[in-house]
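One letter stands for each residue in the lines below.
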Amino acid sequence: MNDVSGEPLSVRVVGIVRGHEISASAALTLDADALVLSWPTSAAWRLELDGIEGVHVSGTLLSVYLRDHDVLELSGHDALRTFAQQVIDRACLMPELTRGLRELGAVRRTDVRRDGRSPLHVAHDLWFAPLLSARRAVQGVSDPSRQVMLMDGAALSAAMLEASAQIATALAPNNAAEQRAAEAAIEDEAAPMFAALERLRIAGDVVRIGASDTQLADWRRWVQTAREVFAAADDAWTGIGEIVGAS
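The structure presented is a predicted model; accordingly, all values stated were derived computationally and were not measured.

Section: the layout of surface pockets
Right, so step 1: Reported here for the largest pocket is a volume of approximately 330 Å³.
Right, so step 2: Contributing to the lining of the largest pocket are V17, R18, W45, R46, L47, E48, G51, I52, L66, R67, D68 and D70.
Right, so step 3: Considering every element that reaches the lining of the largest pocket, the biggest residue donor is strand β4 (residues 45-48), with four residues.
Right, so step 4: Looking at side-chain class alone, the lining of the largest pocket contains five nonpolar, one polar and six charged residues.

Some points on the pattern of salt bridges
Right, so step 1: With the rule as written, the count across this model stands at ten salt bridges.
Right, so step 2: Salt-bridge contacts for R46 lead to D33; the nearest nitrogen and oxygen are separated by 2.9 Å. Of this pair, R46 sits in strand β4 while D33 sits in the loop between β2 (20-30) and β3 (34-38), and the two are 13 residues apart along the sequence.
Right, so step 3: Put simply, R208 and D205 hold a salt bridge, and the shortest N to O gap is 2.3 Å. Highlighted residues: R208 and D205, both in helix α6 (residues 191-209), separated by three residues, approximately one helical turn.

Comments concerning the packing of aromatic side chains
The description of two aromatic rings rests on the distance between their centres and on the angle between their planes.
Right, so step 1: If you walk through the whole model with that rule in mind, you get two aromatic pairs.
Right, so step 2: Ring plane angle 75 degrees and centroid distance 5.0 Å describe the contact between W39 and W45, whose orientation is recorded as edge-to-face.
Right, so step 3: Taking the centre distance of 6.3 Å and the plane angle of 55 degrees together, the rings of F128 and W237 count as tilted. With F128 in helix α2 (residues 119-138) and W237 in helix α7 (residues 215-246), this residue pair connects regions lying 109 residues apart in the sequence.

Conventions and cut-offs
- Residues numbered from 1 in each chain as written.
- Predicted model: local features only at pLDDT ≥ 70, side-chain atom pairs only at ≥ 80, totals over all residues.
- Heavy atoms only, no water.
- 1 Å grid on protein atoms, 1.4 Å probe; cavity = no way out; pocket = protein on both sides within 12 Å on 5 of 7 lines; lining within 4 Å.
- Points joined across faces, edges and corners; volume = space filled by probe spheres on them.
- Helix = DSSP H or I, 4+ residues; strand = E, 2+ residues; numbered from the N terminus.
- Nonpolar A, V, L, I, M, F, W, Y, C, P; charged D, E, K, R; others polar.
- Salt bridge = Lys/Arg side-chain N within 4 Å of Asp/Glu carboxyl O.
- Phe/Tyr/Trp six-rings, centres within 6.5 Å; stacked < 30°, edge-to-face > 60°.

Keep in mind these numbers describe shape, not what the thing actually does.
Dropping the structure here:
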């Protein structure tokens with residue numbers, strides 16, 4: 001895909017913004033965080049990417065959906081389809097999901113066994129592994145549907161249940177009843193996280209099948225839910241660490 005973000009595209013702009021109708025020519029560019037419309041006789045407009053709800057291309061017509069139901073229709077240039085894809089690529093870069101988590105890096109190598117890893121450290125790694133794997137998978141991916149596929153709520157829920165089972169097995173390798181009790185206790189601690197994962201699944205379905213005029217807004221809600229999943233997993237580890245320490 002050719003990068004059209006650095007060269008202005010001459011377009012016709014028709015639409016309504018804040019109750020005002022507009023029909024004028026402009027030079028269209030894209031910078032790091034805004035779509036920019038430069039007018040011949042007035043100051044340029046910067047439409048911040050985080051204020052764009054969605055974009056849709058039909059032929060050589062690019063519709064830009066803004067907050068409060070405002071819409072701009074841009075036409076007159078063959079590169080508008082490419083431009084729209086670059087808007088999505090920039091608007092949907094996956095943010096860091098682990099910033100601010102307290103427990104993710106809190107385990108220290110204490111109570112070291114012969115293999116050099118403590119039971120607490122083993123459990124910690126098992127617990128966070130599915131989330132960190134999903135985070136690595138979406139790194140650098142800007143396509144919302146592919147991000148949702150790589151960080152699927154249902155698949156992550158199954159992976160976290162498996163992590164719970166693995167931790168319980170490590171705590172009581174020779175006692176099935178104790179394993180079941182430990183697994184149930186871990187899942188109780190993690191109930192808010194599993195609820196957030198169900199919300200992530202639902203939010204992901206909206207991104208996949210939702211309308212293009214709300215795609216970016218739907219994606220932002222999905223990202224916020226992903227943040228909530230990571231935060232809930234981090235909160236759950238406090239109680240899970242106590243379960244591991246008491247075993």
